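Listed below are the residues making up each chain.
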Amino acid sequence: MTDSEYRSTAPAGKSSVRMIKVPEDRAGQRLDNFLLGQLKGAPRSLVYKLVRSGQVRVNGGRAKAERKLEAGDEVRVPPVNLNEVGDKAPPPAGFLQRMEAAIVFEDARLLVINKPTGVASHGGSGISHGAIETMRALRPNLNLELVHRLDRDTSGLLILAKKRSALVELQALLREDHGGIQKRYLTLLAGRMPDGVMSVDAPLHVGLRQGGERHVQVNPIGKPSLSHFRVLERRGGHSYCEVRIETGRTHQIRVHAQHIGHPVAGDDKYGDPAVNKRFREQIGLKRLFLHAASLEFALDGGKTPYLLNAPLAPELAEALDRLA
C-alpha cells in the first residue's frame, strides 16, 4: 500500500475524526512519527498533546507517543484545526539557502546533509525549524523522514530517507551495535591523550535534571556503550582525535570523553568551563568541537555500499589551525 492510498489529507479548516489502519510498510514506526505524517503541518508539540490527552487511540485504547505500531493496528486520529496550529511561517530564505548548500549527497532514496552546528535535527519546544522541517520545505513533494539524529551543537552527516523501505533498513542497521553503520567523528579533546587507540567501554544512563534537561552519566544501570578514540595530531597540548563508535547512545562521545578526563573542547554541558574559556579566548572556538565526518553502510542486504563524507566545518578547521 502506498502513502497516497492510506493517507487522507485534511481539508482546510477543521478535519474530522479518522480511523486509519496501519499498512505493512509502516510496521515498527513510532506512533508520534506516524501522526506527524498524517497531520501535515501540525507541530510536534501538538501531536504529543493529542497523545497525552487520550484523543489518539490505538485499537481503541490509549497509547504512548513512543509506541511501535504494528501492521493492521487501527489508529484514531482526532479532528485538528490545521489552519490555527499548522500555518507556521516558513523557514527564512537565507536559512533555506544555507540548508540547500549543506546537501552533500542525494539519490533516489536518500538525502544527506552536512548539518551546521546550532541546527536541531527536528523542531520542538522553542525551535521552529529543525533540519527535517527545513528540508521538507525545500523538497515539498518528497516524504522525507529522519533516519537518525545529531545533537544540536554537533555538525556533520545527517541522513534523511526519501523512501520508507530505506528508512526501515537503515534503522535496522543502526540497531546493530557492532558495525551495521560505521560512524566516524572528528573532535578536539582537552589535554594529552595517550598514543594508540583508547577504547572506552562504559554504560550510559540518561537522566533528567530539574527543568527536564537530559543529562547522561556513566552508570552500571545504563546501556552498553563503546567508543574508540585515536589521536590524529597533538596541538598546543591538546588532542585532535578520530572517534569511531559502535553504539549510538545520547551524548555518547561527549560523556565518554569526560569519563576519561579529556572532555570535548567547547562542551558547555560536560566540559571544563575554564578550559572552554581559554579555547574561546585563544583560538576563537565558540562551539562544540565535534563533527560527524563519515558514515559507511550497505543497503539491499549488503549489495549496495555507501560511503558518505562531510568536510570539517570551516570554523573548526580555523580554530585547529590557530592551535599551535
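Residues numbered from 1 in each chain as written. Predicted model: local features only at pLDDT ≥ 70, side-chain atom pairs only at ≥ 80, totals over all residues. Heavy atoms only, no water.

1. Some thoughts on the overall build of the chain
Secondary structure summary: the chain contains 10 helices and 15 strands in total. Buried positions account for 48% of the 324 residues belonging to the chain. Summarising the internal contacts of the chain: among those between residues at least 6 apart in sequence, 64% fall at separations of at least 24. Here the chain displays about 15,900 Å² of accessible surface, and carbon together with sulfur accounts for 49% of that area. (Helix = DSSP H or I, 4+ residues; strand = E, 2+ residues; numbered from the N terminus. Buried < 20%, exposed > 50% of the residue type's maximum accessible area, 1.4 Å probe, protein only. Contact = heavy atoms within 4.5 Å. Areas by Shrake-Rupley, 256 points an atom, 1.4 Å probe, with all protein chains shown as cover.)

2. Overview of the pattern of salt bridges
In the structure shown here, the tally under the stated rule is 17 salt bridges. Linking Asp195 and Arg234 is a salt bridge whose minimum nitrogen-to-oxygen distance equals 3.0 Å. Linking Asp195 in the loop between β8 (182-189) and β9 (197-201) with Arg234 in strand β12 (residues 226-235), this pair joins segments that are 39 residues apart in sequence. Of the charged contacts, one joins Glu281 and Lys277 as a salt bridge, the two residues approaching to 2.6 Å between their closest N and O atoms. Placement of the pair is Glu281 and Lys277 together in helix α9 (residues 273-283), with a separation of 4 residues, close to one helical turn. (Salt bridge = Lys/Arg side-chain N within 4 Å of Asp/Glu carboxyl O.)

3. Some thoughts on helix α7 (residues 164-175)
Here α7 spans 17 Å end to end across 12 residues, near enough to the 16 Å set by a 1.5 Å rise per residue. Every buried residue belonging to α7 is among Arg164, Ala166, Leu167, Leu170 and Leu173, and all of these are buried. Looking at the buried residues of α7, the elements they touch are β5 (110-115), β6 (145-146), β7 (155-161) and β14 (290-299). (Expected span 1.5 Å × (residues − 1).)

4. Description of the pairing of β7
The buried fraction of β7 amounts to 7 of the 7 residues, a majority that puts the element mostly inside the structure. As defined by bridge partners, β5 adjoins β7 across 6 bridges and the pair is classed as antiparallel. Among the inter-strand pairings, Val112 is bridged to a residue of β7, identified as Ile159. Here β6 pairs with β7 via 2 bridges, running antiparallel. Paired with Glu145 across the two strands is Ala161, which belongs to β7. Bridge analysis of β7 against β14 gives 2 bridges, and the strand direction is parallel. Looking at β14, one finds that Ser155 is bridged to His291. (Pairing = 2+ DSSP bridges.)

5. Re the sheet that holds strand β3 (residues 74-77)
As summarised here, the arrangement of the 3 strands in space is β1-β3-β2, forming an open sheet in which the pairing is antiparallel. Strand pairing shows two members of the sheet lacking a second neighbour, β1 (18-21) and β2 (57-58), which therefore form its edges. Sheet strands touched by helix α2 (residues 31-38): β1, β2 and β3. Its angle to β3, the strand with the most contacts, is close to 55°. (Axes fitted to C-alpha atoms, helices over the stretch in contact; angles between N-to-C directions.)

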